[in-house]
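# Secondary and tertiary structure notes
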Amino acid sequence: SLSLGASCLFRMKHGPNDPETVVQLESGDAILFGGPARHIMHAVTDLQKGTCPAHLQKIVRGRVPGDPAEWRLNLTWRHAPELRGLEGGDRFHILGAPTSSFVAAAREK
């Protein structure tokens, strides 16, 4: 996963009752999850206004809605060959109940 634009807080933990780890992501930071870590609960909860680098603000100004100083884009790559052929079915939910609870709790902080 590659973060571009405004800085943010990235929260992650293994299970609903585990302590969370919080890291600040800056523009250009990358995160790599592998093995069991691919299944951790994670979310961006706090966008830090005004932190998008000036050269990116210049690129997005007038092309995306909102304030370019608050712009953020995350690019994610996944290798999941076991899912090949299942793309058309409604078999996957990106935001499941445990993750939804985690995100809601993190936003309340």
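Small disclaimer: the values here were computed from a predicted structure and weren't measured.

## As for the environment of Leu25
Residue placement: Leu25 occurs in strand 3 (residues 21-25). The class for Leu25 is buried, based on a relative accessible area of 7%. Sequence-wise, Leu25 and Leu4 are 21 residues apart; in three dimensions their C-alpha atoms are separated by 9.1 Å. If we ignore the near neighbours within four places in the chain, the residues touching Leu25 are Ser3, Ser7, Cys8, Phe10, Ile31 and Arg72.

## Describing the side chain of Ser3
Mapped onto the elements, Ser3 comes out in strand 1 (residues 2-5). Residue class for Ser3 comes out buried when judged on its relative accessible area of 3%. The contacts of Ser3, once residues within four sequence positions are left out, are Leu25, Glu26, Ser27, Gly28, Asp29, Arg72, Leu73 and Asn74.

## A short note on the pattern of salt bridges
According to the stated counting rule, one finds 2 salt bridges in the structure shown. With a closest N to O distance of 3.3 Å, Asp46 and Arg11 form a salt bridge. Residue Asp46 is found in strand 4 (residues 41-47), and its partner Arg11 is found in strand 2 (residues 8-13); the two are separated by 35 residues along the sequence. Judged by its relative accessible area of 9%, Arg11 is buried. Connected via shared salt-bridge partners are Arg11, Glu20 and Asp46.

## Re a nonpolar patch on the surface
Taken together, Leu73, Leu75 and Trp77 make up a surface patch of nonpolar side chains, about 310 Å² in accessible area. Take Leu73: it is sitting in strand 5 (residues 72-75).

## So, the environment of Val22
Structurally, Val22 is set in strand 3. Overall, Val22 belongs to the partly exposed group, its relative accessible area being 38%. Placed 20 residues apart in sequence, Val22 and His42 show a C-alpha to C-alpha distance of 9.6 Å. Setting aside its immediate chain neighbours within four residues, Val22 contacts Leu9, Phe10 and Arg11.

The rules behind each value
- Residues numbered from 1 in each chain as written.
- Predicted model: local features only at pLDDT ≥ 70, side-chain atom pairs only at ≥ 80, totals over all residues.
- Heavy atoms only, no water.
- Helix = DSSP H or I, 4+ residues; strand = E, 2+ residues; numbered from the N terminus.
- Buried < 20%, exposed > 50% of the residue type's maximum accessible area, 1.4 Å probe, protein only.
- Contact = heavy atoms within 4.5 Å.
- Salt bridge = Lys/Arg side-chain N within 4 Å of Asp/Glu carboxyl O.
- Patch = residues over 30% accessible without salt bridge, like charges linked within 9 Å, V, L, I, M, F, W, Y side chains within 5 Å.
- Areas by Shrake-Rupley, 256 points an atom, 1.4 Å probe, with all protein chains shown as cover.

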